[in-house]
Amino acid sequence: MRARLVIGAMLAVGITAGGLSVAQCLRNQPGSAAVTPGEISVTQARTFQEYPLLWLGDSFEGIPLTTIIRALAQDDPESMLPTAQNSITFIYGDCTPPAEEGGCAPPLQIVVEPRCFNPPELYSYVASGPQPIRGGAAWLPGIPGGPILWTGDIAVTIFAPRGALDRIIASLEPANSAAVGSKLSSVLSDVSDPRGDLVAPPAEPCGRIKGRSRADLPQIAGMGGP
Amino acid sequence: MLPLIAAAITFVAVDCEDGPVDTACVNVVPFPNGAEQTCSGGGGGGGGGGGGGPTNTAVPTATATRSATSTPAPQQTPVPPFNFVPYTFGSRYCEDIMQFVDPVNVIFSGAATWTSVSTHALHHGDWWNHDGSEQWFQELARCYSMDQQSASGPAWQLPGRFHMRYKQASQPINGYGTVSIAAAHHEDVNATCGHVVDHNEDNEGRSGFDMAREDIIDNWGIGGSGHTPLSYIAFNNTIRMRQCDGRFSWSSDGIAVIVPIP
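Attention here is on the structure that accompanies the text. Predicted model, so just to flag it, every value in this text is computed and none were measured.

### Points about the overall build of chain B
At step 1: A tally of helices and strands in chain B yields three helices and 13 strands.
At step 2: By residue count, 56% of the 262 residues in chain B fall in the buried class.
At step 3: By sequence separation, contacts in chain B at least 24 residues apart represent 67% of the contacts at least 6 residues apart.
At step 4: On chain B, roughly 10300 Å² of surface is accessible, and the fraction owed to carbon and sulfur atoms is 56%.

### With respect to the overall build of chain A
At step 1: Along its length, chain A carries four helices and 13 strands.
At step 2: Relative to all contacts within chain A whose residues are 6 or more apart in sequence, the contacts with residues 24 or more apart total 57%.
At step 3: Approximately 9000 Å² of chain A is accessible, and the part contributed by carbon and sulfur atoms is 57%.

### Examining the state of the cysteines
At step 1: Scanning the model with the defined rule gives four disulfides over all chains in all.
At step 2: With a sulfur-sulfur separation of 2.0 Å, A:Cys116 is cross-linked through a disulfide to A:Cys206. Residues A:Cys116 and A:Cys206 are joined through a disulfide that is left-handed, its torsion about the S-S bond being -85°. Taken together, the residues A:Cys116 in the loop between strand E6 (108–114) and strand E7 (131–133) and A:Cys206 in the loop between helix H4 (177–180) and strand E12 (208–209) connect sequence positions 90 residues apart.
At step 3: With a sulfur-sulfur separation of 1.8 Å, B:Cys94 is cross-linked through a disulfide to B:Cys143. With the S-S dihedral at roughly 60°, the linkage between B:Cys94 and B:Cys143 falls on the right-handed side. Linking B:Cys94 in the loop between strand E2 (84–89) and strand E3 (100–103) with B:Cys143 in strand E6 (residues 142–145), this pair joins segments that are 49 residues apart in sequence.

### Comments concerning the packing of aromatic side chains
At step 1: This structure, assessed with the given rule, holds nine aromatic pairs over all chains.
At step 2: For the pair A:Tyr123 and A:Trp150, a centre-to-centre distance of 6.4 Å together with 40° between the ring planes defines the contact as tilted. Remark: A:Trp150 occurs in strand E9 (residues 148–151) and A:Tyr123 occurs in the loop between E6 and E7; sequence separation between them is 27 residues. Each of the two residues, A:Tyr123 as well as A:Trp150, counts as buried.
At step 3: Joined through ring pairs, the aromatic side chains of A:Tyr123, A:Tyr125 and A:Trp150 make up one cluster.
At step 4: Positioned above the aromatic ring of B:Tyr144 is the side chain of B:Lys167, whose terminal nitrogen or guanidinium carbon lies 4.4 Å from the ring centre.

### Overview of unusual backbone geometry
All names here are of chain B.
At step 1: Residue Pro159 is reached from Leu158 by a cis peptide bond, and omega for that bond is -5°.
At step 2: Structurally, the position occupied by Pro159 is in the loop between strand E7 (148–151) and strand E8 (160–168).
At step 3: Between Thr228 and Pro229 the backbone carries a cis peptide bond, its omega angle lying at 0°.
At step 4: Mapping Pro229 onto the fold places it in the loop between helix H3 (208–221) and strand E12 (231–234).

### Comments concerning the pairing of E7(B)
All names here are of chain B.
At step 1: Covered by surrounding structure in E7 are Gln148 and Ser150 together with Gln149 and Ala151, the residues of both alternating faces.
At step 2: Here E7 runs beside E8; their pairing, made up of four bridges, is antiparallel. Directly across from Ser150, in E8, lies its bridge partner Met164.

### Quick word on the pairing of strand E4 (residues 106–111) of chain B
Residues and elements named next belong to chain B.
At step 1: Taken together, the three bridges between E4 and strand E10 (residues 180–190) define a ladder with antiparallel strand orientation. Paired with Val106 across the strands is Ala182, a residue of E10.
At step 2: Bridging between E4 and strand E13 (residues 255–261) involves five bridges; their strand directions are parallel. In the strand pairing of E13, Phe108 is matched with Val259.
At step 3: Where E4 and strand E9 (residues 177–178) come together, two bridges link them in parallel fashion. Along E9, the bridge assignment pairs Gly110 with Gly177.

Here is what the cut-offs are and how they apply
Residues numbered from 1 in each chain as written. Chains lettered and ligands numbered in written order. Predicted model: local features only at pLDDT ≥ 70, side-chain atom pairs only at ≥ 80, totals over all residues. Heavy atoms only, no water. Helix = DSSP H or I, 4+ residues; strand = E, 2+ residues; numbered from the N terminus. Buried < 20%, exposed > 50% of the residue type's maximum accessible area, 1.4 Å probe, protein only. Contact = heavy atoms within 4.5 Å. Areas by Shrake-Rupley, 256 points an atom, 1.4 Å probe, with all protein chains shown as cover. Disulfide = S-S within 2.5 Å. Phe/Tyr/Trp six-rings, centres within 6.5 Å; stacked < 30°, edge-to-face > 60°. Lys NZ or Arg CZ within 6 Å of the ring centre and 35° of its normal. Pairing = 2+ DSSP bridges.

In short, geometric facts, not functional conclusions.
Laid out in structure tokens, this is it:
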């Protein structure tokens, strides 16, 4: 009897573990589910179709990819500032938050979003202005909260120690090449060279920012107001 | 039987190797070639107590602060000179990106001494409480302790509270007068670990940082309290912060409000 109980318990554990893992796998099948806000899998990032994603692969200089977060929210027109979100964040490394209060930031984060969710005109107050980098991409390192690289119709914020930024930019490559197909040419000059030149962002300013028309935006420094 | 179970589990594990990234596999990771990654340690955390006052001690940082200068163009909003890094730090050395704690999302201007900010926070938002841990601000490449913090309730008020830490700028800023910068957020009490800034599902995708800023906009600015005109500036301080429950807070939208204090 004791042996049967042990075997039964092991079976239950095995089935439970297998069940959870199968569910986890299903969640990660390409195209199996819409990418909802929150943490997502590598597979979900690789099959993301809305816009090209640039990342650093599974690790960068020994720092592993630990978390991918999808942000998606609609604008609340009653809010003074637009509340729409549409981004994917690749987080490398980790940190230990202090007990009780306060968070901490992992050492390397790459945020990719449509250009008009974080356009250059929001930062026209930065005296240096964008500079070309890696081909035609526009790079603005002087943004106080985090520098941005614009290429094609995406904005890529890089949170990292300053001494690593050049190496990070050189290492950015598409995460979802197959999923975005022809859209890839909107960021890469030569789609066969994932670490080659990046294309320039469009010259014209965004008509809508975070989904809201300029006329409906409050006065934001550097933009000249509504 | 046992080999079958083991084989099934092994099969599932192998088949699923391209699953979610492992969020528990690493802890603090060195940045091998990061010039600014060195950190000489420091405080972090710390117990409650509001008090404070402009008695903070500046600690020189080892590296230059991020900065930008203001070059207002005609018909554009002049922007304040950015003498501060738009994040609070969890250490009194303010050196390391991993010490970032909260984004700066409110700038009080005009006659914004820290005592004035404290008084107005009580008056407009009933942010009467001063409990919370100490954090630091980096200004002019030096690290200063905060001057004060104000909250809408005690630290363990359920389900949570609005809370901001703030520091008065060391010197008046041309065109903006006496300025204080603040990192405001809404935080929930987590019974197992302490405070966490709100997660994605808590507020229909709006972060706890943005919620607190909106509360200030509503109660100080457009609520008829006379702190107008409000203006805004984009800092892009949207870095993700891991909270004590192991999850990430929803990020700030990277925009700060400038609130005049007459």
